[in-house]
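Report on the structure
Spelled out from the first residue to the last, the chains are:
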Amino acid sequence: MDAAFDRNVFINCPFDDAYANLLQAAVFCVVSFGYTPRLASERLEAGENRLDKIVGLIKASRYSIHDLSRTRAAEAGEMARMNMPFELGLDLGYRRSGMQGADLKKFLIFERDPYDLKRSLSDLAGQDVEFHRDDYELVIKKIRDFFRVEAQCVVPGPSRLVSDYATFQGWMVERKIFEGHSPREALVLPLQERIDEMQAWIAAGRPDFFRPQ
């Protein structure tokens with residue numbers, strides 16, 4: 001088993017603009033707790049087979065966050081999103097595979113509203129599912145609670161995490177403007193660059209303001 005397995009967190013979620021604030025909040029929690037978020041979008045290599053990449057991330061991660069809040073169409077003619085349930089299925093299958101370490105895996109599963117998945121994915125009956133109602137503060141609270149219980153992390157309370165997230169956002173924008181980004185560009189960074197900035201903010205002692213060296 002890879003030594004990084006215990007610190008990796010596979011995140012299976014939408015990657016569109018409408019979901020970006022929830023994803024960024026989730027990644028912030030993971031990084032703040034000293035873990036490494038692993039996502040299919042973390043590498044931009046176009047020649048890499050996506051399914052192989054996802055299976056590799058699943059095998060490399062003890063913890064998984066699966067967001068199935070987009071499993072129903074929002075308007076007439078729109079197709080429901082099937083990638084997220086498919087990837088959850090891969091992860092569940094791996095946990096039951098009997099391979100070394102697979103039974104150690106822990107899952108946090110999100111839906112948008114309570115009981116959505118009871119209607120759309122009845123095979124998940126018996127699995128604990130959390131709702132977030134597209135509220136990033138709920139995402140932060142429930143990820144915090146998951147790591148406090150399942151990983152026995154010593155973590156701050158939800159209100160402190162929400163405040164830290166806002167502080168980080170302000171620090172990051174100031175830093176990126178100093179580097180030559182516009183305020184808008186500073187908010188739409190590639191996800192891996194944002195993760196790098198989270199790690200830099202933590203290494204700097206979680207300051208309130210960016211101070212150029």
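Above this note sits the structure.
A brief report on the enclosed structure follows. (Residues numbered from 1 in each chain as written. Predicted model: local features only at pLDDT ≥ 70, side-chain atom pairs only at ≥ 80, totals over all residues. Heavy atoms only, no water.)

**Re empty space enclosed by the protein**
Filter applied, for reference: Method remark: on a 1 Å grid restricted to protein atoms, a set of points is classed as a cavity if a 1.4 Å probe fits but cannot get out and as a pocket if it is open with protein on both sides within 12 Å along at least five of seven lines; lining residues have an atom within 4 Å of a point. Grid points are joined across faces, edges and corners, and a volume is the space filled by probe spheres set on the points. Runs of H or I in DSSP of at least four residues are treated as helices and runs of E of at least two as strands, each being numbered from the N terminus. Residue classes follow a fixed rule: Ala, Val, Leu, Ile, Met, Phe, Trp, Tyr, Cys and Pro count as nonpolar, while Asp, Glu, Lys and Arg count as charged, and any other residue, Gly among them, counts as polar.
Enumeration over the complete set of coordinates arrives at one cavity of 30 Å³ or more. In this structure, the largest cavity spans a volume of roughly 30 Å³. As for the largest cavity, its lining consists of Ile 11, Tyr 19, Leu 22, Ala 26, Ile 65, Asp 67, Phe 110 and Val 139. The set of elements that each furnish at least two residues to the lining of the largest cavity consists of α1 (20-32) and β3 (63-67). Residues belonging to the lining of the largest cavity are distributed by class as follows: seven nonpolar, no polar and one charged.

**Side note on the pattern of salt bridges**
Stated precisely, the cut-off is as follows: A pair is scored as a salt bridge if a Lys or Arg side-chain nitrogen falls within 4 Å of a carboxyl oxygen belonging to Asp or Glu.
This structure, assessed with the given rule, holds 17 salt bridges. Arg 112 serves as the salt-bridge partner of Asp 113, at 2.7 Å between the closest nitrogen and oxygen. Between Glu 179 and Lys 176 there is a salt bridge, and its shortest N-O distance comes to 2.9 Å. Of the two residues, Glu 179 and Lys 176 are both situated in helix α6 (residues 158-179); the distance of three residues between them amounts to about one turn of the helix. Here the residues in one salt-bridge network are Arg 175, Lys 176, Glu 179, Glu 193 and Glu 197, joined through shared partners.

**Focus: the nonpolar core**
What counts, and what does not: In this description, a nonpolar core means a group of buried Ala, Val, Leu, Ile, Met, Phe, Trp, Tyr and Cys residues linked to one another through side-chain atoms lying within 4.5 Å. Here the term buried applies to any residue with accessible area under 20% of the maximum for its type, exposed to any over 50%, and partly exposed to those in between, with areas from a 1.4 Å probe on protein chains only. Residues count as neighbours in contact if any of their non-hydrogen atoms are within 4.5 Å of one another.
By size, the foremost hydrophobic cluster in this structure holds 40 residues, and its most contacted members are Tyr 35, Ile 143 and Phe 147. Where this core is concerned, the elements lending two or more residues are β1 (8-12), α1, β3, β4 (106-111), α5 (136-150), α6 and α8 (191-203). For this core, the element with the most residues is α1, which contributes nine residues. Ignoring any residue separated from it by four or fewer positions in sequence, one finds Phe 147 in contact with Val 9, Val 30, Phe 33, Tyr 35, Tyr 63, Gln 152 and Cys 153.

**Considering the layout of surface pockets**
Volume-wise, the largest pocket comes out at about 360 Å³. Residue lining of the largest pocket: 15 residues in total, with Phe 107, Leu 108, Asp 128, Phe 146 and Glu 150 positioned closest to the centre. Elements represented by at least two residues in the lining of the largest pocket include exactly β4 and α5. It is α5 that contributes the most residues to the lining of the largest pocket, five residues altogether. Residues that form the lining of the largest pocket fall into these classes: four nonpolar, one polar and ten charged. Quantified by volume, the second largest pocket comes out at close to 280 Å³. Looking at the second largest pocket, it is lined by 13 residues, and the ones nearest its centre are Phe 15, Asp 17, Ala 20, Gln 24 and Leu 189. Of all the secondary-structure elements, those providing two or more residues to the lining of the second largest pocket are α1 and α8.

**Let's talk about the sheet that holds strand β2 (residues 36-38)**
The line we're drawing: The pairing criterion is simple: DSSP has to find at least two bridges between the two strands. Think of each axis as a best-fit line through the C-alpha atoms, taken over the contacting stretch in the case of a helix, with angles from 0 to 180 degrees between the N-to-C directions.
Judged by pairing direction, the sheet is parallel, and its five strands sit side by side in the order β2-β1-β3-β4-β5 without closing on themselves. Each edge of the sheet is formed by a strand with only one pairing partner; in this case those strands are β2 and β5 (130-131). Here three bridges tie β1 to β2, and the two strands are oriented parallel to one another. Residue pairing for β2: Val 9 is matched across the bridge by Pro 37. This element, helix α3 (residues 83-95), spans β1, β3 and β4 of the sheet and lies at about 145° to β1.

**Considering the side chain of Ser 69**
Tracing the backbone through its elements, the reader meets Ser 69 in the loop between β3 and α3. Apart from residues no more than four positions distant in its own chain, Ser 69 is found in contact with Tyr 19, Phe 110, Glu 111, Arg 112 and His 132.

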